[in-house]
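So the chains spell out like this:
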Amino acid sequence: MDIFLLITGIIFVIVGFVGCVAPVLPGPPISWVGLLLLKFTRFGADITWTWILILAAVVALVTILDYVVPAWGTKKFGGTAAGTWGSTIGLLVGLFFSPVGIIIGPF
């Protein structure tokens, strides 16, 4: 069971790192779940419950801000709902065209 949790935890952490770049995946929560899985292995004995709870609070804050700040900035600087949707769709389509598509897609 330790090996299963270890491999699953590492996969979740790696997918979480990818999620920090790819806007489709919520990176911080996925990485936190990976760390939580690693806590339950005998190799994760160094991770304390206090540290897990502090990271959970940080992950919750970052995830909330990740969704609130762009909407707030769009409203503050006069962006429209159509502009927001167009930018999001352009970003998702741009994911298929390497780093250049991610930059050019939203425009």
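In this report, we go over the structure that sits alongside the text. What you see is a predicted model, and the numbers here were worked out from it, not measured in a lab.

## Comments concerning the overall build of the chain
Thinking step 1. The helix and strand inventory of the chain stands at 5 helices and 0 strands.
Thinking step 2. The C-alpha atoms of the chain give a radius of gyration of 17 Å, which is well past the 13 Å a tight globule of 107 residues would have.
Thinking step 3. Taken along its principal axes, the extent of the C-alpha atoms in the chain is 50 × 30 × 15 Å.
Thinking step 4. Burial analysis of the chain (107 residues in total) assigns 22% to the buried set.
Thinking step 5. Residue pairs at least 24 apart in sequence account for 40% of intrachain contacts in the chain once pairs closer than 6 positions are excluded.
Thinking step 6. About 7700 Å² of surface is accessible on the chain, with carbon and sulfur atoms providing 80% of the total.

## Things to note about helix α3 (residues 49–76)
Thinking step 1. Here α3 contains 28 residues, and its C-alpha end-to-end distance of 39 Å stays within 8% of the 40 Å for a straight helix at 1.5 Å per residue.
Thinking step 2. Most pronounced at Leu65, the bend in α3 amounts to some 30°.
Thinking step 3. Contacts from the buried residues of α3 go to α2 (27–39).
Thinking step 4. Downstream of α3 by one or two residues, Gly78 has phi in the positive range, about 85°.

## A short note on helix α1 (residues 2–21)
Thinking step 1. Taking 1.5 Å per residue, 20 residues should reach 28 Å; α1 reaches 29 Å between its end C-alpha atoms and fits that length.
Thinking step 2. Structurally, α1 contributes buried residues whose contacts are with α2.

## A word on the pattern of salt bridges
For side chains of opposite charge, pairing can occur when their charged atoms come near one another.
Thinking step 1. Applying the stated criterion across every chain, the model contains 1 salt bridge.
Thinking step 2. Here Asp2 ties to Arg42 by a salt bridge, and the two come within 2.9 Å at their closest N and O atoms. Of the two residues, Asp2 is situated in helix α1 and Arg42 in the loop between α2 and α3; the sequence distance between them amounts to 40 residues.
Thinking step 3. Of the residues examined, Asp2 reaches a relative accessible area of 22% and is grouped as partly exposed.

## Things to note about the packing of α1 against α2
Thinking step 1. α2 packs onto α1 with a crossing angle of 165° between their chain directions and a minimal axis gap of 7 Å. Overall, the two elements α1 and α2 adopt an arrangement that is roughly antiparallel. Here α1 and α2 pass one another in a crossing that is left-handed. For the pair α1 and α2, the contacting residues are Leu5, Leu6, Thr8, Gly9, Ile10, Phe12, Val13, Val15, Gly16, Phe17, Gly19 and Cys20 in the first and Gly27, Ile30, Ser31, Val33, Gly34, Leu35, Leu37 and Leu38 in the second.
Thinking step 2. Among the residues forming the contact of α1 with α2, the class breakdown is 13 nonpolar, 7 polar and no charged.

## Here we look at the packing of α2 against α3
Thinking step 1. The N-to-C vectors of α2 and α3 enclose an angle of 170°; their axes lie 9 Å apart at closest approach. Taken together, the axes of α2 and α3 lie roughly antiparallel to each other. Crossing hand, α2 versus α3: left-handed. The segment α2 lies against α3, with Pro28, Pro29, Trp32, Leu35, Leu36 and Lys39 engaging Trp49, Ile52, Leu55, Ala56, Val59, Val62 and Thr63.

The rules we used
Residues numbered from 1 in each chain as written. Predicted model: local features only at pLDDT ≥ 70, side-chain atom pairs only at ≥ 80, totals over all residues. Heavy atoms only, no water. Helix = DSSP H or I, 4+ residues; strand = E, 2+ residues; numbered from the N terminus. Rg over C-alpha atoms; globule rule 2.2 N^0.38 Å. Buried < 20%, exposed > 50% of the residue type's maximum accessible area, 1.4 Å probe, protein only. Contact = heavy atoms within 4.5 Å. Areas by Shrake-Rupley, 256 points an atom, 1.4 Å probe, with all protein chains shown as cover. Expected span 1.5 Å × (residues − 1). Bend = angle between axes of the 7 residues up to and from the residue. Salt bridge = Lys/Arg side-chain N within 4 Å of Asp/Glu carboxyl O. Axes fitted to C-alpha atoms, helices over the stretch in contact; angles between N-to-C directions. Parallel < 35°, antiparallel > 145°, perpendicular 65-115°, else oblique. Left-handed = near helix turned anticlockwise from the far one by under 90°. Nonpolar A, V, L, I, M, F, W, Y, C, P; charged D, E, K, R; others polar.

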